[in-house]
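Descriptive analysis of the structure
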Amino acid sequence: MHVIYGGTFDPVHHGHLRLALEVSDRLGSVPVSLVPCHIPPHRGETGATATQRLRLLELAIADEPCLHIDDRELRREGASYTADTLRQLRKELGAELPLAMVVGTDAFAGFDCWKEWRQIPELAHIIVVQRPGITLAPEGEPARLLAERGVDGAGALHGRASGLVLKLDPPWLDISATGIRERISRGQSPRYLAPDAVLTEIQRMGLYGACPEINF
Ligand code: ATP
């Protein structure tokens, strides 16, 4: 089984990392690939560059055998579309290997606005992770997808290459990259919200307006 979990990771934090490990555990210790996405220039002003986000991810997952990084979207020119990434992966993995993508309920609620969204279940399973406070509308395409393709247990995903939707409700740490960036820019400590190695590197690189006086 190949599992991808995409995000901006600007920066990666304990919320992302715990979620990735929970998903890995529930699928039977399968490896999970974190896929940092290309950030359009208008979002990049206060954030980190692709190279910096990648460096922080590398530090975050060092020593964790179940987590990997797939930087293909950063190497691609322009916007990253999940359908393109999955198509490329499907080509590499062959038609038989189960492939799954992780998505929060917030993103899944707008799934039918994604580019080529109808293709996605043909390419991969979808693991929908419950984000607190975000409930899926009972009507609409995402709800229909869940009703038609939903399975109760993770085991089913191992038996097919794609096409199933699994809803998981793992513990969710109330941490956001926005909150971390805001704390740093206000001169407050972001300690304990992300791995020490990540925060030390943020300070060393002076990211997000980090000032040297604050103890990370
Ligand atoms: P930002 O605050 O910059 O929007 P973020 O912290 O929400 O960033 P993203 O990189 O945008 O993180 O999110 C990538 C994926 O991680 C999304 O699917 C999102 O639902 C999920 N995610 C974000 N925060 C958490 C969290 N605290 N716990 C688990 N998953 C999270």
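Residues numbered from 1 in each chain as written. Predicted model: local features only at pLDDT ≥ 70, side-chain atom pairs only at ≥ 80, totals over all residues. Heavy atoms only, no water.

Its place among the elements puts Glu182 in helix H9 (residues 177-185). Residue Glu182 is classed as partly exposed on the basis of its relative accessible area of 40%. Considering only alpha carbons, one finds Glu182 and Cys211, 29 residues apart in sequence, at a separation of 13 Å. (Helix = DSSP H or I, 4+ residues; strand = E, 2+ residues; numbered from the N terminus. Buried < 20%, exposed > 50% of the residue type's maximum accessible area, 1.4 Å probe, protein only.)

All right, on to the layout of surface pockets then. Here the largest pocket is characterised by a volume of approximately 1100 Å³. Along its surface, the largest pocket is lined by 42 residues, and Tyr5, Gly6, Gly7, Thr8 and Ala107 are the ones closest to its centre. Mapped onto the lining of the largest pocket, the elements with two or more residues apiece are strand E1 (2-7), helix H1 (14-26), helix H4 (82-93), strand E4 (99-104), helix H5 (105-108) and H9. A per-class count over the lining of the largest pocket returns 22 nonpolar, 13 polar and 7 charged. (1 Å grid on protein atoms, 1.4 Å probe; cavity = no way out; pocket = protein on both sides within 12 Å on 5 of 7 lines; lining within 4 Å. Points joined across faces, edges and corners; volume = space filled by probe spheres on them. Nonpolar A, V, L, I, M, F, W, Y, C, P; charged D, E, K, R; others polar.)

Summarising the element assignment, Ser162 is placed in the loop between helix H8 (155-158) and strand E7 (165-168). Here Glu122 takes part through its backbone oxygen, which lies 3.1 Å from a polar atom of the side chain of Ser162. Once you skip the residues sitting within four places of it in the chain, Ser162 turns out to touch Arg90, Pro121, Glu122, Leu123, Ala124 and His125. (Polar contact = N/O pair within 3.5 Å; in protein donor to acceptor, adjacent residues only side chain to side chain. Contact = heavy atoms within 4.5 Å.)

Next up on the list: the packing of helix H2 (residues 50-61) against helix H10 (residues 196-205). Here H2 crosses H10 at 150 degrees, and the two axes come no closer than 8 Å. Judged on the interaxial angle alone, H10 and H2 are roughly antiparallel. Pair H2 / H10 crosses with right-handed handedness. Of the residues in H10, those touching H2 at Gln52, Arg55, Leu56, Leu59 and Ala60 are Ala197, Val198, Glu201, Ile202 and Met205. (Axes fitted to C-alpha atoms, helices over the stretch in contact; angles between N-to-C directions. Parallel < 35°, antiparallel > 145°, perpendicular 65-115°, else oblique. Left-handed = near helix turned anticlockwise from the far one by under 90°.)

Take the pattern of salt bridges next. Scanning all chains against the criterion turns up 17 salt bridges. Between Glu22 and Arg26 there is a salt bridge, with its nearest N and O atoms 3.5 Å apart. Here the residue Glu22 and the residue Arg26 both occupy positions in helix H1, the gap between them amounting to 4 residues, near one helical turn. By relative accessible area, which is 37% here, Arg26 ends up partly exposed. Taking the shortest distance from any N to any O, the salt bridge between Arg75 and Asp71 comes out at 2.8 Å. (Salt bridge = Lys/Arg side-chain N within 4 Å of Asp/Glu carboxyl O.)

Neighbouring the ligand are 20 residues; Tyr5, His13, Leu173, Ala177 and Thr178 lie closest to it. A distance of 2.9 Å is found between an oxygen atom of the ligand and a backbone nitrogen or oxygen belonging to Thr8. Between the ligand and His13, the relevant distance is 2.8 Å, taken from an oxygen atom to a side-chain nitrogen or oxygen of the residue. Taking 600 Å² as the accessible area of the ligand by itself, protein coverage stands at 86%. (Near = heavy atom within 4 Å. Areas by Shrake-Rupley, 256 points an atom, 1.4 Å probe, with all protein chains shown as cover.)

Here we come to the confidence of the model for the protein. Averaged over all residues, the pLDDT of the protein equals 93, while 97% of them reach at least 70. Put simply, H5 is where the protein has its lowest mean pLDDT, 92, and strand E3 (residues 67-69) is where it has its highest, 98. (pLDDT = per-residue confidence, 0-100.)

Counting 39 residues, the largest nonpolar core has Val3, Val23, Leu27, Ile127 and Ile202 as its most contacted members. With near-sequence residues (within four places) excluded, Val3 lies in contact with Val23, Leu27, Val30, Pro31, Val32, Ser33, Ala100, Val102 and Ile127. Of all hydrophobic cores here, the second largest spans 19 residues; its members include Ala83, Leu99, Met101 and Trp117. (Core = buried A, V, L, I, M, F, W, Y, C linked by side-chain atoms within 4.5 Å.)

In space, the 7 strands of this open sheet follow the order E3-E2-E1-E4-E5-E7-E6, with parallel pairing throughout. The open sheet terminates on both sides in strands that have one partner only, identified here as E3 and strand E6 (150-151). Across 5 bridges, E1 lies against strand E2 (residues 32-36) in parallel orientation. From the neighbouring strand, Gly6 faces E2, where its bridge partner is Val35. Relative to E3, H2 is tilted by about 160 degrees, and along the sheet it contacts E2 and E3. (Pairing = 2+ DSSP bridges.)

This part is about the packing of aromatic side chains. For the structure on display, the rule yields 4 aromatic pairs. Seen in terms of ring centroids, Tyr5 and Phe9 are 5.8 Å apart; in terms of plane orientation they differ by 85 degrees. Their pairing is edge-to-face. Take Tyr5: its relative accessible area is 10%, and that puts it in the buried class. By relative accessible area, which is 1% here, Phe9 ends up buried. With centroids separated by 6.1 Å and ring planes inclined at 75 degrees, the aromatic side chains of Phe111 and Trp117 adopt a geometry described as edge-to-face. Each member of the pair, Phe111 as well as Trp117, is classed as buried. Within the aromatic cluster, the residues linked to one another by ring pairs are Phe108, Phe111, Trp114 and Trp117. (Phe/Tyr/Trp six-rings, centres within 6.5 Å; stacked < 30°, edge-to-face > 60°.)

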